[in-house]
Amino acid sequence: MSLLAVRDLTKRFGGVHALAEVSFTVEKGEVLGIIGPNGAGKTTLLNCISGLYRLDGGDIRWDDTSIRGMAAHRIARLGIGRTFQIVRPFPSMTVRENTAMGALFGQPQGRLQPHEAQKQADEVLELVGLAEKRDFPVLRLTVPDRKRLEIARALAMRPRLLLLDEVMAGLNAVEVEQALGMVRRVRESGITIVLIEHVMKVIVGVCTRALVLNFGRPLAEGPPEEVLRDRRVIEAYLGERYARLQEAADQERAKPTDA
Amino acid sequence: MSQFTQQVILGLLLGGVYVAVALGFSLVWGILNIVNLAHGAFVIIGAYVTWALFAHLHIDPFISLPVDAVVLFIVGYALQRGVINRVIRAPVLFTFLLTFGLNLIIVSVLLVIFTGDFRSVTPSYSGSGLQLGSVTIPYIRVAGLAVALVLAGILWLILNRTRTGAAILAVGADRDAAQLVGVDLRHAYALTFAIGAAFAGVAGGIISTFQSITPTAGDPYTLQAFAVVILGGLGRVSATVAGGLLFGLIEVLGQSAPGLGSGYANAIAFAVLVIVLVVRPQGLLGRLA
Amino acid sequence: MIARLRRMPVTWRRTTMVVVGIALLLVVLAPLTSTDAAQQAGLPLLTDKLWFRIATTVAMFVTLASAWNIIGGLTGYASFGNVAFFGLGAYGTGVLVSNLHWSFLIALLAAPLIAAIFALVVGIPLLRLRGHYFAVATLGVGVAVGEVINNVGPLGASTGLFLPIMRSDRLFFYLMIGAAGVAVLSTRLILKSRFGYGLLAIRENEEAAAVIGVNTTFYKVSAFVIAAALTGLAGGIFAQWNSFINQENVFPVTYNVEMILMAVLGGAGTLLGPVAGAIVLELIIQALAGGGSASVYSQIGLGVLLAVCVIFIPRGVIDFFGGQSRLSLSYLRRTLRETSA
């Protein structure tokens with residue numbers, strides 16, 4: 001049984017199909033990368049899963065139970081945490097308070113008291129590397145730190161599935177390396193991950209599987225290396241001409257072995 | 001002629017008034033992102049200007065409409081430049097409080113100047129009208145509707161056929177970009193607000209021809225203008241026209257419903273407002289945000 | 001965590017607490033002072049009827065501003081319709097006392113109940129709206145409810161509703177102080193609770209609050225209902241105190257604007273800010289009215305006060321005392337530059 005199963009998911013805005021009959025599954029313990037050009041519907045997909053958008057068709061099943069039409073907060077408490085591409089911290093609170101909010105409201109079982117939530121927040125901040133800055137007001141954080149905080153707040157919910165929306169965008173090479181390490185640590189702690197990313201290094205580096213979306217439809221799916229070499233994927237990203245050149249180059253390189 | 005047809009005609013005529021009132025309100029809201037709670041007060045200033053010219057100089061109310069426009073244009077420009085411009089980037093709550101304060105000041109000053117007595121503008125032709133079956137449709141109301149439609153046409157022309165209109169629309173679409181291409185932001189803002197006020201003034205002139213006026217008589221028009229804009233959808237002149245006419249219809253038909261009467265003007269506006277906001281937030285003709 | 005969430009620098013908080021504490025102490029003890037003692041102390045005003053009226057009015061606005069703060073300050077939904085709760089509370093108690101001849105204190109219990117039920121019914125659709133839409137829609141609630149009541153015969157229609165006169169300045173004074181105390185205490189309990197954090201999360205980013213598990217609809221409707229109950233309670237007390245209610249004196253939009261201004265000036269979202277704001281602003285308003293009922297000039301005064309406050313202090317006086325800025329010309333210039341076109 002899959003942890004999450006998306007079947008024929010359709011979402012329209014006005015007359016435009018943002019997502020059209022998208023189907024895929026997420027298995028326990030994997031890291032699924034979702035890639036695709038801008039406007040392909042990646043963030044819309046996360047918004048549908050986390051309950052911020054109403055579906056126009058299809059179904060989403062969690063542990064084989066439909067969560068279609070369920071309110072966002074209930075989905076969160078089932079164990080689905082997420083981050084936002086454009087970070088959304090609670091601006092008047094500190095780093096620690098922001099994180100504690102995840103523990104206070106998002107955990108499936110039991111109701112924590114504020115001081116317990118705070119203790120758990122400290123543990124999570126250690127994991128994402130924000131422990132020293134825990135008393136900072138969020139407005140003093142740098143962009144990479146704000147992204148870390150997004151993850152910390154989601155992790156404090158103790159989710160079983162973590163949806164990451166472009167957490168590496170805008171980071172430099174060193175920071176991407178650190179972030180990759182963090183994603184691996186999260187995975188090792190037993191949390192399944194779905195991540196949206198443009199940085200190919202990330203897709204190849206941590207994902208066990210990749211799904212490509214284009215114009216709201218699935219284009220390709222499979223092991224990251226394979227998917228990234230798929231002609232249709234290269235076309236979608238870089239245009240048809242580049243795909244043809246790439247193919248020619250591949251053939252060129254393949255020749256000597258033929259001979 | 002059936003009772004219903006009469007109601008529809010009366011509703012559309014009343015709707016013309018709402019079109020006139022809502023045009024300026026919609027413009028200011030759409031471009032400046034300000035819901036002007038003093039809009040009703042502007043309307044009533046216009047009504048008093050018409051009344052004063054009629055009562056003291058015997059000037060026909062329809063001839064004094066341009067005077068209303070000029071007076072309110074000046075008032076609007078000055079208020080925007082001097083006061084409202086200072087909070088243009090502050091949160092909604094603050095522009096709300098500020099325009100409420102302005103409304104309070106204007107109404108009180110009008111009370112001091114004109115007292116709370118009912119004032120009416122009664123030109124010689126005010127009683128005459130078209131006989132349709134059992135109901136008389138006053139010519140004055142027909143003229144009011146005509147003026148409202150002319151106003152809508154003028155606003156459309158200003159926005160779509162003049163440089164000023166282009167600047168106003170540019171500011172409404174993207175403040176910073178407009179500034180980059182050389183639009184004088186403060187002037188464009190003040191001009192937009194002034195045009196909105198001028199339209200309110202003309203609406204007030206029309207209103208004075210069929211309704212007794214007091215300093216507080218403008219208050220319901222603010223909520224009604226809001227309801228009209230919600231009903232039609234924000235951002236297009238045609239939407240305001242449709243919203244205004246429809247709102248007039250709803251009000252007349254609603255007040256003729258059993259148990260309701262003319263005392264329910266605000267309640268009807270509010271009910272329309274809430275139903276539309278909940279069922280179709282973008283308005284009947286509005287585009288999806 | 002709790003202290004910091006209130007976003008009030010410690011020094012300012014202490015000052016406010018001391019000021020409010022002294023004010024409360026005076027207010028509670030003053031009526032106990034016998035006329036003789038007051039005169040000996042050179043404080044003849046303390047037992048004056050006028051003083052009682054002003055103090056009771058101040059307590060009423062402390063209640064209103066604190067109640068508004070729960071939905072406007074903590075939850076971030078700036079309601080312009082709270083005055084509807086005040087009016088409904090007043091009419092609830094008024095009808096029970098005047099038409100059904102209930103005893104006042106029992107009828108008073110109905111006031112918060114009626115207001116709360118009404119808030120529940122209108123809150124569910126209205127709290128889906130945001131920004132201008134929420135503001136104007138709630139503004140419409142107050143106006144519309146007032147208008148409807150104005151048309152209903154058994155409620156006195158446009159004549160208004162008369163309640164048998166109860167002459168006890170002290171009773172109404174203590175009831176209002178009690179209502180204010182309940183409002184402040186409720187705010188304090190909310191601020192310290194999980195519920196309060198949920199409200200703050202909604203204020204700061206509603207979608208983020210939802211995806212971390214905050215039941216946003218339930219939370220904001222609850223906040224609205226609590227604010228309504230407190231506001232309705234004040235309305236119920238007012239009805240008997242004034243012994244005459246009509247559309248004009250229990251549904252004025254100016255009340256709503258005043259409670260907002262009090263909360264915002266004192267510091268929206270804080271515990272004692274609205275209390276301080278209400279005390280200061282209501283005394284100014286009373287001074288403008290010259291102890292009499294609202295005149296044209298006091299209305300102009302209130303309008304000017306609104307404009308001045310909004311233009312010069314868009315972030316609330318809390319900034320001045322918070323050590324972030326000093327009340328100085330350069331501060332005012334900066335504020336103007338930041339918010340003007």
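Values in this document were obtained by computation on a predicted structure and should not be read as measured data.

1. Re the overall build of chain B
Working step 1: A count of helical and extended segments in chain B gives 11 helices and 2 strands.
Working step 2: Along chain B, from the amino end to the carboxyl end, the secondary structure elements read α-α-α-α-β-β-α-α-α-α-α-α-α.
Working step 3: For chain B, whose C-alpha radius of gyration is 19 Å, the value lies close to the compact-globule estimate of 19 Å for 289 residues.
Working step 4: Structurally, chain B occupies a C-alpha span of about 60 × 45 × 35 Å along its principal axes.
Working step 5: Per-residue burial for chain B yields a buried fraction of 55% across its 289 residues.

2. Some points on the overall build of chain C
Working step 1: Counting secondary structure elements, chain C contains 17 helices and 2 strands.
Working step 2: Split into buried and exposed, the 341 residues of chain C put 54% on the buried side.
Working step 3: For chain C, contacts bridging at least 24 residues in sequence account for 77% of all contacts bridging at least 6.

3. Here's the deal with the sheet that holds strand β1 (residues 4–13) of chain A
All names here are of chain A.
Working step 1: Overall, antiparallel pairing links the 4 strands, which are arranged β2-β1-β4-β5 in an open sheet. In the strand order of this sheet, the two ends are held by β2 (16–26) and β5 (65–66), each with one partner.
Working step 2: Pairing of β1 with strand β4 (residues 57–62), which is carried by 5 bridges, proceeds in the antiparallel orientation. When the bridges of β4 are listed, R7 appears paired with D59.
Working step 3: Relative to the sheet, helix α1 (residues 42–49) contacts β1, β2 and β4, its axis offset from that of β2 by approximately 65°.

4. Structural notes on the nonpolar core
Working step 1: A20, V21, L97 and L273 of chain B together with L306 of chain C are the most contacted members of the largest nonpolar core, which totals 300 residues.
Working step 2: Ranked by residue count, the leading element in this core is helix α11 (residues 216–242) of chain C, at 16 residues.
Working step 3: In this structure L306 of chain C touches L97, L98, F100 and G101 of chain B together with V257 and L261 of chain C, once residues within four positions along its chain are discounted.

5. Concerning the interface of chain A and chain C
Working step 1: With 26 residues of chain A at the contact, the number on the chain C side is 21 residues.
Working step 2: Elements with a contribution of two residues or more to the side of chain A that touches chain C: α2 (72–79), α3 (95–106) and α4 (114–128) of chain A.
Working step 3: Looking at the side of chain A that touches chain C, the element that brings in the most residues is α3 of chain A, giving 7 residues.
Working step 4: Looking at the side of chain A that touches chain C residue by residue, the class counts come to 13 nonpolar, 7 polar and 6 charged.

6. Let's talk about the packing of helix α5 (residues 82–98) of chain C against helix α13 (residues 253–266) of chain C
How two helices sit against one another is set out by the angle between their axes and by the gap between those axes.
Residues and elements named next belong to chain C.
Working step 1: Look at α5 against α13: their axes get within 8 Å of each other, and the N-to-C directions meet at 120°. By the angle between their directions, the pair α5 and α13 is classed as oblique. Here α5 runs over α13; the crossing is right-handed. Of the residues in α13, those in contact with N82, V83 and F86 of α5 are V253, Y255, N256 and M259.
Working step 2: Here the residues of the contact of α5 with α13 are counted per class, giving 5 nonpolar, 2 polar and no charged.

7. A look at the interface of chain C and chain B
Working step 1: Contacts between the two partners involve 36 residues from chain C, matched on the other side by 38 residues from chain B.
Working step 2: Counting residues per element, the ones that place at least two in the side of chain C that touches chain B are α7 (131–150), α13, α15 (296–312) and α17 (329–339) of chain C.
Working step 3: Take the side of chain C that touches chain B: its biggest share by element is 13 residues, from α7 of chain C.
Working step 4: Of the residues assigned to the side of chain C that touches chain B, the class counts are 25 nonpolar, 9 polar and 2 charged.

8. Points about the pairing of β2 of chain A
Residue and element names in this part refer to chain A.
Working step 1: In this structure, β1 lies alongside β2, joined through 7 bridges in antiparallel fashion. In the strand pairing of β2, L4 is matched with V26.
Working step 2: Following β1, the chain reverses through 2 residues before pairing antiparallel with β2; G14 in that reversal takes a positive phi of roughly 60°.

9. Considering the sheet that holds strand β8 (residues 192–196) of chain A
Residue and element names in this part refer to chain A.
Working step 1: The strand order across the open sheet formed by 6 strands is β6-β7-β8-β3-β9-β10, and the pairing between neighbours is mixed. Strands at the two margins of the open sheet, each flanked by one partner only, are β6 (80–82) and β10 (217–222). In this sheet, adjacent strand axes meet at a mean angle of 20° when their direction is disregarded.
Working step 2: Note that strand β3 (residues 31–35) and β8 share 4 bridges and pair parallel. Of the residues in β8, the one forming a bridge with V31 is I193.
Working step 3: Across the face of the sheet, α2 comes into contact with β6 and β7 (161–165) while running at roughly 110° to β6.
Working step 4: Where helix α9 (residues 231–238) meets the sheet, it contacts β9 (209–214) and β10, and its direction lies at approximately 130° from that of β10.

10. So, the packing of α5 of chain C against α11 of chain C
Residue and element names in this part refer to chain C.
Working step 1: Two elements in contact, α5 and α11, have axes separated by 6 Å at closest approach and are oriented at 45°. One element, α5, and the other, α11, form an angle in the oblique class. At the point where α5 passes α11, the crossing takes the right-handed sense. From α5, N82, F85, F86, G87, L88, G89, A90, G92, T93, G94 and V97 reach across to α11, where they touch A227, A228, T231, G232, L233, A234, G235, G236, F238, A239 and Q240.
Working step 2: By residue class, the composition of the contact of α5 with α11 is 11 nonpolar, 11 polar and no charged.

11. A look at unusual backbone geometry
Working step 1: For E166 of chain A, which is not glycine, the phi dihedral falls at a positive 50°.
Working step 2: Its place among the elements puts E166 of chain A in the loop between β7 and α6 (173–188).
Working step 3: Residue classification places E166 of chain A among the partly exposed residues on the basis of 19 C-beta atoms within 10 Å.
Working step 4: Its identity is not glycine, yet H58 of chain B carries a phi of approximately 55°, on the positive side.
Working step 5: Position of H58 of chain B among the secondary structure elements: in the loop between α2 (39–57) and α3 (65–82).

12. Remarks on the environment of T56 of chain C
Residues and elements named next belong to chain C.
Working step 1: Here T56 shows up in helix α4 (residues 49–74).
Working step 2: The buried category is assigned to T56, around which 21 C-beta atoms lie within 10 Å.
Working step 3: Those residues in contact with T56, other than ones at most four positions away along the chain, are F172, F173, M176 and W241.

13. Section: the environment of L163 of chain C
Working step 1: Looking at where L163 of chain C falls in the secondary structure, it is placed in the loop between β1 (161–162) and α8 (169–192).
Working step 2: Those residues in contact with L163 of chain C, other than ones at most four positions away along the chain, are G94, V97, S98, A239, Q240 and S243 of chain C.

14. Digging into α4 of chain A
Residues and elements named next belong to chain A.
Working step 1: In this model, α4 (15 residues) spans 21 Å end to end at C-alpha, consistent with the 21 Å of a helix rising 1.5 Å per residue.
Working step 2: Buried residues of α4: A117, Q120, A121, V124, L125 and V128, and no others. Projected onto a plane normal to the axis of α4, the buried residues spread over an arc of 150° and lie on a single side. Away from its buried face by more than 90 degrees, α4 exposes H115 and K119.
Working step 3: In this structure, the buried residues of α4 make contact with α3, α5 (143–155) and α6.

15. Some details on the environment of V272 of chain B
Working step 1: Along the chain, V272 of chain B turns up in helix α11 (residues 265–279).
Working step 2: Each C-alpha atom of the pair V272 of chain B and I63 of chain B lies 34 Å from the other, and the pair is 209 residues apart in sequence.

How each quantity is defined
Residues numbered from 1 in each chain as written. Chains lettered and ligands numbered in written order. Predicted model: local features only at pLDDT ≥ 70, side-chain atom pairs only at ≥ 80, totals over all residues. Helix = DSSP H or I, 4+ residues; strand = E, 2+ residues; numbered from the N terminus. Rg over C-alpha atoms; globule rule 2.2 N^0.38 Å. Buried ≥ 20, exposed ≤ 12 C-beta atoms within 10 Å, placed from the backbone. Contact = placed C-beta atoms within 7 Å. Pairing = 2+ DSSP bridges. Axes fitted to C-alpha atoms, helices over the stretch in contact; angles between N-to-C directions. Core = buried A, V, L, I, M, F, W, Y, C linked by C-beta atoms within 7 Å. Nonpolar A, V, L, I, M, F, W, Y, C, P; charged D, E, K, R; others polar. Parallel < 35°, antiparallel > 145°, perpendicular 65-115°, else oblique. Left-handed = near helix turned anticlockwise from the far one by under 90°. Expected span 1.5 Å × (residues − 1). Arc of directions from axis to C-beta.

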